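Summary of the model geometry
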There are 2 protein chains.
Amino acid sequence: MIKQISHLGLAVKNLEETMDFYRSILGLEPADPIIGGNEGDLRVSLVKVGDATLELIQPLNENSVMAKFLEKRGEGIHHVCFEVDDIDADLERMKSKGLESIGTPKPGAEGMSVFLHPKGTKGVLMELVQKSE
Amino acid sequence: MIKQISHLGLAVKNLEETMDFYRSILGLEPADPIIGGNEGDLRVSLVKVGDATLELIQPLNENSVMAKFLEKRGEGIHHVCFEVDDIDADLERMKSKGLESIGTPKPGAEGMSVFLHPKGTKGVLMELVQKSE
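Residues numbered from 1 in each chain as written. Chains lettered and ligands numbered in written order. Predicted model: local features only at pLDDT ≥ 70, side-chain atom pairs only at ≥ 80, totals over all residues. Heavy atoms only, no water.

Across its full length, chain A holds three helices and eight strands. The secondary structure elements of chain A, listed N-terminal to C-terminal, are β-α-β-β-β-α-β-α-β-β-β. At 15 Å, chain A has a C-alpha radius of gyration in line with the 14 Å of a compact globule built from 133 residues. The principal-axis extents of the C-alpha atoms in chain A amount to approximately 45 × 30 × 25 Å. Of all 133 residues assigned to chain A, the portion counted as buried reaches 51%. The long-range share in chain A, meaning contacts at least 24 apart out of those at least 6 apart in sequence, stands at 49%. Placing the 15 positive and 22 negative side-chain charges of chain A at their respective mean positions leaves the two points 7 Å apart. (Helix = DSSP H or I, 4+ residues; strand = E, 2+ residues; numbered from the N terminus. Rg over C-alpha atoms; globule rule 2.2 N^0.38 Å. Buried < 20%, exposed > 50% of the residue type's maximum accessible area, 1.4 Å probe, protein only. Contact = heavy atoms within 4.5 Å. Lys, Arg positive; Asp, Glu negative; His and termini not counted. Charge placed at Lys NZ, Arg CZ, Asp CG, Glu CD.)

Below, the discussion takes up the relation of the copies chain B and chain A. The two copies are related by a screw operation: chain B maps onto chain A through 180 degrees of rotation and 0.0 Å of translation along the axis, at an RMSD of 0.0 Å. Expressed as an axis order, the relation between the two copies is that of a two-fold axis. Measuring from the rotation axis to each C-alpha of chain B, the shortest distance belongs to Ile-77 of chain B, at 3.5 Å. (Least-squares fit on C-alpha atoms with pLDDT ≥ 70 in both.)

Structure below.
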């Protein structure tokens with residue numbers, strides 16, 4: 001079951017410049033960058049906004065999925081991540097109704113997560129995460 | 001000051017079909033459609049997800065901003081709305097640092113709201129809203 005919006009992933013070209021924008025103009029507090037992505041090919045700064053989080057994501061490798069997104073669509077909102085109760089059961093239920101995932105759930109910073117293919121989700125790239133306790 | 005993510009606006013082509021997707025596949029509960037937009041040229045269904053809301057937005061008029069977005073980019077995430085304490089003061093502060101708004105704050109379903117021009121916000125269309133008490 002989907003419980004809440006966990007984070008919103010934003011594709012950015014220059015992480016430091018974007019962190020400075022969030023800090024100085026929006027008045028938010030971006031955390032120190034960490035290396036992320038299954039291939040370690042992303043630099044990410046998390047920005048808490050109330051109970052949700054913005055993930056500022058800069059690709060480190062021009063062949064990465066995120067670099068290709070930036071090239072094609074420019075900077076902007078990349079995906080929305082929903083927190084679920086039970087990622088295996090929830091994914092199984094969604095797949096039984098025709099949704100496709102991109103690979104299988106993998107461990108990440110927040111817990112096990114998986115992306116759903118946007119062709120089945122009305123154009124919205126959705127990630128599901130089951131947070132580690 | 002930005003307090004939290006108030007909602008995420010999603011551009012959709014067919015509201016009923018999308019509501020059905022959210023209900024039957026994601027297990028969420030889209031509310032009955034309402035007419036929205038300053039020109040009354042949008043049909044909107046709100047979907048509560050924890051403390052945040054997804055706004056499913058279908059244009060009614062092919063000349064509307066939302067119809068042009070759909071034509072250019074297809075279905076997907078259109079904007080993120082942040083709840084602020086004091087929209088006039090917050091907007092003034094942001095403008096003093098170089099951000100541009102699209103028009104001035106106007107009354108909407110949630111309260112006074114205004115969009116920020118994405119050229120100043122790293123490609124993310126941001127809305128600010130001060131909720132009515």
